[in-house]
Amino acid sequence: CPDGWNSAEGLSDTEIKIGQTIAQSGTFAVAANYGKGQDAIFQYYNGKGGFPDSIGKTRKVTYIQKDDGYDPAKTVPLVDELLDSEGSFMIKTTGSPNTLKVYEKLNSRCVPNPYVISGHPAWGDPVNHPWTWGNLMAYNTEAVLWGNLITSRLADQDEITVAALIMQNDFGK
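A brief report on the enclosed structure follows.

### Focus on the pattern of salt bridges
Should their charged atoms come close, side chains of opposite charge can pair. Counted by the stated rule, this structure contains six salt bridges. Salt-bridge contacts for K66 lead to E81; the nearest nitrogen and oxygen are separated by 2.5 Å. Of this pair, K66 sits in strand β3 (residues 58-67) while E81 sits in helix α2 (residues 72-85); the two residues are 15 residues apart in sequence, bridging distant segments of the chain. The salt bridge partner of D80 is K105, with a shortest N-O separation of 2.3 Å. Separated by 25 residues along the polypeptide, D80 in helix α2 and K105 in helix α3 (residues 96-108) bring together distant segments of the chain. Under the relative-accessibility criterion, D80 is labelled partly exposed at 25%. Overall, the relative accessible area of 25% leaves K105 in the partly exposed class.

### As for the sheet that holds strand β2 (residues 51-52)
Spatially, β2-β3-β1-β4 is the arrangement adopted by the four strands of the open sheet, whose pairing is mixed. Looking at strand neighbours, the two that pair on one side only are β2 and β4 (90-92), the edges of this open sheet. In this structure, β2 lies alongside β3, joined through two bridges in antiparallel fashion. When the sheet's bridge partners are listed, P52 is paired in β3 with T58. Across the sheet, α2 touches β1 (15-22), β3 and β4, and the angle it forms with β1 is around 175°.

### Re the nonpolar core
Counting eight residues, the largest nonpolar core is built from I64, V79, L82, L83, I91, V102, L106 and V111. Counting residues per element, the ones that place at least two in this core are α2 and α3. Residue contributions to this core peak at three residues, all from α2. Discounting residues that sit within four places of it in the chain, I91 has contacts with G19, V79, L82, L83, L106, V111, P112, N113 and P114. Formed by six residues, the second largest nonpolar core is a distinct cluster that contains I16, I18, V61 and Y63.

### A closer look at the packing of aromatic side chains
Under the defined criterion, the tally for this structure stands at eight aromatic pairs. Measuring from ring centre to ring centre gives 5.1 Å for F42 and Y63, while their planes differ by 70°; the resulting arrangement is edge-to-face. With a gap of 21 residues between them, F42 in helix α1 (residues 32-47) and Y63 in strand β3 connect regions that are remote in the sequence. Each member of the pair F42 and Y63 is classed as buried. Centroid distance Y45 to F51: 5.5 Å. Interplanar angle 50°. Geometry classified as tilted. Through a chain of ring-to-ring contacts, the aromatic side chains of F42, Y44, Y45, F51 and Y63 assemble into a single cluster.

### A look at a nonpolar patch on the surface
A contiguous nonpolar surface patch, about 390 Å² in accessible area, is contributed by I41, Y44, Y45 and F51. With three residues, the top contributor of residues to the nonpolar patch is α1. Here F51 lies in strand β2. Assessed through its relative accessible area of 30%, F51 is described here as partly exposed.

About the criteria used
Residues numbered from 1 in each chain as written. Predicted model: local features only at pLDDT ≥ 70, side-chain atom pairs only at ≥ 80, totals over all residues. Heavy atoms only, no water. Salt bridge = Lys/Arg side-chain N within 4 Å of Asp/Glu carboxyl O. Helix = DSSP H or I, 4+ residues; strand = E, 2+ residues; numbered from the N terminus. Buried < 20%, exposed > 50% of the residue type's maximum accessible area, 1.4 Å probe, protein only. Pairing = 2+ DSSP bridges. Contact = heavy atoms within 4.5 Å. Axes fitted to C-alpha atoms, helices over the stretch in contact; angles between N-to-C directions. Core = buried A, V, L, I, M, F, W, Y, C linked by side-chain atoms within 4.5 Å. Phe/Tyr/Trp six-rings, centres within 6.5 Å; stacked < 30°, edge-to-face > 60°. Patch = residues over 30% accessible without salt bridge, like charges linked within 9 Å, V, L, I, M, F, W, Y side chains within 5 Å. Areas by Shrake-Rupley, 256 points an atom, 1.4 Å probe, with all protein chains shown as cover.

Structure follows, in structure tokens:
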């Protein structure tokens, strides 16, 4: 971690700050429901006193969401804001193209970037990017599993047509 790194940034004896960039508008605005669900869980447990840790401290979560509209160009300044202005302990991101724009920064600053809402295989690199890990199965692993399922279940077919609906962005590529 860099000189001057503070492992307790965004963490006090009573609070943990969690920042998230997530689409609340735009083509992937449905992701806002994920953020609403997380907020409901944090509020529920905050109402019960918070989250106890292994050494007896109980902290409430301050959950700060920023709408990036699933636009990587918006994700970068919002992550900067969550880091530098809000002092978030950890940052959650949504989407492959968005996370790819910020995961070098987050890893170089040793900021946890857990459970990225994406199955990009880059999130499984504990040697070079130990501070980022994914929430979904890697897309390439999923493709192999689907291929094996199609082959094993439909091997007796003369012809098989497979179609894919692909987004017109970096995720689709």
